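Fold and geometry: a report
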Amino acid sequence: MHSINHNILNMSQQPLLFTPGPLSTSLSVKQAMLKDMGSRDYEFIRAVKDIRNGLLRLAHVSKEEGYECVIMQGSGTFAVESVISSVIGENDKLLVLANGAYGERIAKMARIHKLNHEVLRFDEDCIVTPEAVENFLKEHTDITHVACIHSETTTGLFNPIAAIGDVVKKYSKVFIVDAMSSFGGVVMDMKAMQVDFLVSSSNKCIEGVPGFAFALCKKTELEKAKGRARSLSLDLYDQWAGLESNGQFRFTPPTLSIMAFRKAMQELEEEGGIEAREHRYKTNKQILDEGMHAMGFKQYLKPEIQGHIISSFLYPEDPRFDFADFYEKLNKRGLVIYPGKLSKANAFRIGNIGQIFPDDIENLLQAIKEILEGDSISV
Ligand SMILES: *Cc1c(COP(=O)(O)O)cnc(C)c1O
């Protein structure tokens, strides 16, 4: 007991993660992991069931309406790969819409699993446009599935999923959406957006800890995946069939991460649901953007295509600016930001998500100001 109390006291000195996941979690979410839990424990099986139903509710759908939630062990990529490698049949053809690293990651999955596929690319600082998708689908009638990223975490832009969904359904294709970094932080109605497979993970906007990801699936499409998988552990249909038959995972589940996630879902509800969380994240972003702008920082994206999950800031023009040094100085103060991943520009990213509140953003801005002034760097 003594050592546990000691550790909890130290938690007030936790770093703050201004990153797109894993991100800062509440003390109570971390505490939900303190009890060892067997995978056949009644309490655990109950938690899995609550989570699966709760996630469908967060997407404004239900089992009764023909939607299913499949939880997959691993990080977000595992669940995306589970969908991509399980639902596209031998005679099907996938269209990947790519305007950043995460779209490219899906294209890579399609190559590795030797799927019939095409990639329609857009510049990193531009959204996927419904018009371009429509033109492509008109020309390529053999496409059966379309995959798109909602919040492209590479830059922070939001692709217009609902409008893309309209086009995808006009041409009767199956629609797969990676909503990894936005689900839970953006109000989303899966049915209204006409999404058949929506993927996200435990450690993004629901504010749990890493360990698993999940796919919300239109049941009629999920059923078609039976026997199509190209991997044993990532077989989406079998994973679902296992969870349905006895409420259990086929292979060792991330028990503690599941317990933490159930707590995180309760806290999301206590905060006022996704609407309230979206509002908090947007407030964070507004304070961040205004504060950075006041210091002279410029953003990589035009404001009209930015989401509120993460912001990309260009490096100051001052040649003495050294990102590694800047990052390390913030890190020493317990403030963790995120490097850039852009192909055309030097930028760093600051996330607005997780247990981050307006005061934390103010503190980060103050620290950035002091560090730049201390090094006499002009922005
Ligand atoms: C975080 C993220 C993923 C998954 O990344 P993992 O490191 O596998 O968790 C996938 N797509 C997007 C858009 C993301 O932001």
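The sections below set out a description of the structure shown in this document. (Residues numbered from 1 in each chain as written. Predicted model: local features only at pLDDT ≥ 70, side-chain atom pairs only at ≥ 80, totals over all residues. Heavy atoms only, no water.)

1. Re the nonpolar core
Leu55, Leu97, Phe183 and Leu216 are the most contacted members of the largest nonpolar core, which has 89 residues in total. Per element, the largest residue contribution to this core is seven residues, and it comes from helix 3 (residues 42-58). Residue contributions to this core reach at least three from each of two domains, namely domain 1 (27-269) and domain 2 (273-374). One finds Phe313, Phe323, Leu330 and Ile371 within the second-largest nonpolar core, a separate group that totals 25 residues. (Core = buried A, V, L, I, M, F, W, Y, C linked by side-chain atoms within 4.5 Å. Buried < 20%, exposed > 50% of the residue type's maximum accessible area, 1.4 Å probe, protein only. Helix = DSSP H or I, 4+ residues; strand = E, 2+ residues; numbered from the N terminus. Domains from an automatic or database assignment.)

2. Description of the sheet that holds strand 5 (residues 145-149)
On the basis of which strands lie adjacent, the open sheet formed by seven strands has the order 2-10-9-8-5-3-4 and mixed pairing. Of all the strands in the sheet, just strand 2 (67-73) and strand 4 (117-121) have a single pairing partner and so form its edges. Across the sheet, the mean angle from the axis of one strand to that of its neighbour is 20°, orientation sign disregarded. Inspection of the sheet shows strand 2 paired to strand 10 (residues 212-218) by seven bridges, in the antiparallel sense. (Pairing = 2+ DSSP bridges. Axes fitted to C-alpha atoms, helices over the stretch in contact; angles between N-to-C directions.)

3. A few points about the side chain of glutamate 134
With respect to the helices, strands and loops of the structure, glutamate 134 is situated in helix 6 (residues 130-139). According to the relative accessible area criterion, glutamate 134 is buried, its value standing at 17%.

4. Quick notes on the packing of aromatic side chains
Within this structure, the stated rule accounts for 17 aromatic pairs. Between phenylalanine 313 and phenylalanine 348, the aromatic rings sit 6.1 Å apart at their centres with planes inclined by 40°, giving tilted as the arrangement. Of this pair, phenylalanine 313 sits in strand 11 (residues 310-314) while phenylalanine 348 sits in strand 14 (residues 347-351); the two residues are 35 residues apart in sequence, bridging distant segments of the chain. A single burial state applies to phenylalanine 313 and to phenylalanine 348, both of which are buried. When the centroid spacing of 5.9 Å and the interplanar angle of 45° are considered together, the rings of phenylalanine 323 and tyrosine 327 count as tilted. Highlighted residues: phenylalanine 323 and tyrosine 327, both in helix 12 (residues 323-332), separated by four residues, approximately one helical turn. On the basis of relative accessible area, phenylalanine 323 is assigned to the buried category, the value being 12%. By relative accessible area, which is 23% here, tyrosine 327 ends up partly exposed. Taken together, the aromatic side chains of Phe297, Phe313, Tyr315, Phe321, Phe323, Phe326, Tyr327 and Phe348 make up a single cluster linked through ring pairs. (Phe/Tyr/Trp six-rings, centres within 6.5 Å; stacked < 30°, edge-to-face > 60°.)

5. Things to note about the pairing of strand 8 (residues 174-178)
Burial of strand 8 is extensive: five of the five residues sit out of reach of the surface. What you see with strand 8 is no split at all: Val174, Ile176 and Asp178 on one side and Phe175 and Val177 on the other are buried throughout. Looking at chain direction, strand 5 and strand 8 are connected through five bridges and run parallel. Paired with isoleucine 149 across the strands is aspartate 178, a residue of strand 8. Bridge analysis of strand 8 against strand 9 (residues 197-201) gives three bridges, and the strand direction is parallel. Across the sheet, the residue bridging to aspartate 178 is valine 199, located in strand 9.

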